[in-house]
Amino acid sequence: MTDTCNNFEQSLILLLTKLHKKDWATPIKGLEEKFRQIPDTENSFCIEMINLLHQLCEAREVDSDIPLAQLAAIRLASLDCWTYRFFRDATDGRHYLDPLTASSSDFSHGIAITQSSTAYPATDIIKRWAREHLR
């Protein structure tokens, strides 16, 4: 595991503990495993997710009754990581991988990446996933 992954996990656990949402760690780590293929830039999944969690902590400080799960769903769906397309070219055509439903092992080798201007899957699907997994 790289230093970036260790730092991400440490920050993730710290922030989720502060939010009283430790159970979010498993689905978030699952997404992180899939988005590791994204080129390491300032908009990497890890950085975006930690920033999102910091924003949730700040929002909770302002309003302790804020609906965290709903706010997390909205903000998660707006992350840049969703604009990346993971795919494999095969004899029967191009096959895109859905980060919400494909297994992490599907993302580990033999895939190509391109970027689009829109989210994949659609933002309403990302929000629904978040509402189901980040309660």
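The structure under discussion appears in the preceding block.
In short, a report on the structure. Quick caveat: nothing in here was measured; it's all calculated off a predicted structure.

## Looking at the packing of aromatic side chains
Logical step 1: For the structure shown, the criterion picks out 7 aromatic pairs.
Logical step 2: Measuring from ring centre to ring centre gives 5.1 Å for Phe86 and Phe107, while their planes differ by 75 degrees; the resulting arrangement is edge-to-face. Separated by 21 residues along the polypeptide, Phe86 in strand E1 (residues 84–90) and Phe107 in the loop between strand E2 (93–97) and strand E3 (112–115) bring together distant segments of the chain.
Logical step 3: Using a relative accessible area of 1% as the deciding quantity, one classes Phe86 as buried.
Logical step 4: An aromatic cluster is present here, built from Phe8, Phe35, Phe45, Trp82, Phe86 and Phe107 joined pairwise through their rings.

## Quick look at the pattern of salt bridges
Logical step 1: Tallied over the full model, the rule gives 4 salt bridges.
Logical step 2: Across the pair Lys29 and Glu9 runs a salt bridge, and its minimum N-O distance is 3.3 Å. Linking Lys29 in helix H2 (residues 25–35) with Glu9 in helix H1 (residues 3–19), this pair joins segments that are 20 residues apart in sequence.
Logical step 3: A relative accessible area of 25% means that Lys29 is categorised as partly exposed.
Logical step 4: A relative accessible area of 24% places Glu9 in the partly exposed class.
Logical step 5: The residue Arg36 makes a salt bridge to Glu32 at a minimum N-O spacing of 3.0 Å.

## A look at the sheet that holds E1
Logical step 1: The antiparallel open sheet is built from 3 strands, whose spatial order is E2-E1-E3. The open sheet has two edge strands with one neighbour each: E2 and E3. Looking at each pair of strands side by side, their axes are set apart by 40 degrees on average, direction ignored.
Logical step 2: Note that E1 and E2 share 5 bridges and pair antiparallel. Directly across from Asp89, in E2, lies its bridge partner Arg94.

## Quick notes on the nonpolar core
Logical step 1: Membership of the largest hydrophobic core comes to 41 residues, with the highest contact counts inside it found for Trp24, Met49, Leu53, Leu56, Leu76 and Trp82.
Logical step 2: Sorting the residues of this core by element identifies H1, H2, helix H3 (45–62), helix H4 (68–77), E1 and helix H5 (123–133) as the ones contributing at least two each.
Logical step 3: Broken down by element, the residue count for this core peaks at 9 residues, all from H3.
Logical step 4: With sequence-adjacent residues up to four places away left out, Trp82 is seen in contact with Leu31, Phe35, Leu76, Ala77, Pro99, Leu100, Thr118, Ala119, Tyr120, Pro121 and Ile126.

What counts and what doesn't
Residues numbered from 1 in each chain as written. Predicted model: local features only at pLDDT ≥ 70, side-chain atom pairs only at ≥ 80, totals over all residues. Heavy atoms only, no water. Phe/Tyr/Trp six-rings, centres within 6.5 Å; stacked < 30°, edge-to-face > 60°. Helix = DSSP H or I, 4+ residues; strand = E, 2+ residues; numbered from the N terminus. Buried < 20%, exposed > 50% of the residue type's maximum accessible area, 1.4 Å probe, protein only. Salt bridge = Lys/Arg side-chain N within 4 Å of Asp/Glu carboxyl O. Pairing = 2+ DSSP bridges. Axes fitted to C-alpha atoms, helices over the stretch in contact; angles between N-to-C directions. Core = buried A, V, L, I, M, F, W, Y, C linked by side-chain atoms within 4.5 Å. Contact = heavy atoms within 4.5 Å.

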